[in-house]
Amino acid sequence: LTIFNDGDVSWHIATGLWILDHRAIPHADPFSFTWAGKPWVPIEWLSEVIYATAYRIAHYSGVAALVTAILIALHAVVYFNAKRWISAALLPIVAMDFAIIPMLFARPHVLTWPLLAFWILLMLRAREQDRAPPLVAALLMSLWANLHGGFVFGLAIAAAFGLEALALSADKTRAFRQWLIFGVACAAAVFING
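My aim in this report is to walk through the structure given alongside it, one point at a time.

The rules behind these values
- Residues numbered from 1 in each chain as written.
- Predicted model: local features only at pLDDT ≥ 70, side-chain atom pairs only at ≥ 80, totals over all residues.
- Heavy atoms only, no water.
- Helix = DSSP H or I, 4+ residues; strand = E, 2+ residues; numbered from the N terminus.
- Expected span 1.5 Å × (residues − 1).
- Bend = angle between axes of the 7 residues up to and from the residue.
- Phe/Tyr/Trp six-rings, centres within 6.5 Å; stacked < 30°, edge-to-face > 60°.
- Buried < 20%, exposed > 50% of the residue type's maximum accessible area, 1.4 Å probe, protein only.
- Salt bridge = Lys/Arg side-chain N within 4 Å of Asp/Glu carboxyl O.
- Core = buried A, V, L, I, M, F, W, Y, C linked by side-chain atoms within 4.5 Å.
- Contact = heavy atoms within 4.5 Å.

A look at helix H2 (residues 45-85)
With 41 residues, H2 should cover 60 Å at 1.5 Å per step; its first-to-last C-alpha distance of 36 Å lies more than 12% under that length. The sharpest bend along H2 comes to roughly 130°, located at Ala58.

Description of the packing of aromatic side chains
Inspection of every chain in the model, using the stated rule, returns eight aromatic pairs. Aromatic pair Phe4 and Tyr60: ring centres 5.1 Å apart, planes at 75°, arrangement edge-to-face. Here Tyr60 lies in helix H2 and Phe4 lies in the segment before helix H1 (8-22), a separation of 56 residues in the sequence. By relative accessible area, Phe4 is classed as partly exposed at 22%. Here the aromatic rings of Trp11 and Trp40 are separated by 5.5 Å at their centres, their planes lie at 55°, and the arrangement is tilted. Of this pair, Trp11 sits in helix H1 while Trp40 sits in the loop between H1 and H2, placing them 29 residues apart in sequence. What makes Trp11 partly exposed here is its relative accessible area of 32%.

A look at the pattern of salt bridges
As enumerated under the stated definition, the model contains seven salt bridges in all. In this structure, Arg84 and Glu128 form a salt bridge, with 2.3 Å as the shortest nitrogen-oxygen distance. Here the residue Arg84 occupies a position in helix H2, and Glu128 occupies one in helix H5 (residues 113-128), the gap between them amounting to 44 residues. Judged by its relative accessible area of 42%, Glu128 is partly exposed. A salt bridge links Asp171 to Arg174, with the shortest nitrogen-to-oxygen separation between them at 3.9 Å. Residue classification places Asp171 among the partly exposed residues on the basis of a relative accessible area of 36%. Looking at Arg174, the relative accessible area reads 23%, which means it is partly exposed. Salt bridges here are not isolated pairs; linked through shared partners, they connect Arg127, Asp130, Glu164, Asp171 and Arg174.

Here's the deal with the nonpolar core
Core analysis: the largest hydrophobic core is formed by 52 residues, its most contacted members being Tyr51, Val67, Trp119, Met123, Met141, Trp179 and Phe182. Of all the elements in the fold, those that place two or more residues in this core are H1, H2, helix H3 (90-100), helix H4 (108-111), H5, helix H6 (139-147), helix H7 (151-168) and helix H8 (172-189). Element by element, the count of residues in this core is highest for H2, at 15 residues. Setting aside residues up to four positions removed in sequence, Met123 forms contacts with Pro133, Ile157, Ala158, Phe161, Trp179 and Phe182.

What follows is the structure, encoded as structure tokens:
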């Protein structure tokens, strides 16, 4: 399978297995010969635990099944969101697939793809209703930050939608206050980790 054509796949699984076995996040590199014992912060620890769990259940078949489930979730979120806007909802799916296939490996970033799609859906719905997303949605940033460093894109997307709300809202004070509170909640949620 092409999802395993990357040397980092086994490294992420090994890190996850180490975390599961030691019930802790390593603070020093336990694997490499040249950097053994050097300070290390595995920022994608949650993805590594998820991949390691899938590996423990069914080895690489479990990892492949996990990636497949993630892709199904991504396609479902994109399809149902696109269906609201256009009748040919499969066109965005095909375009998305051309974009993601070159990056399709069993690595932490893949686990965040459905989260990214859902995040955009939340932002679009909030703008449709001329309000900020519900504060509880900020907790998704905590999940995202522990899965992959790409959470910064989620913060940037929220900021872009907040700026649009500020520019287009009739009540700029209310829009500024709502989106500022949501932005601060998102920034604070990033610091919640294992």
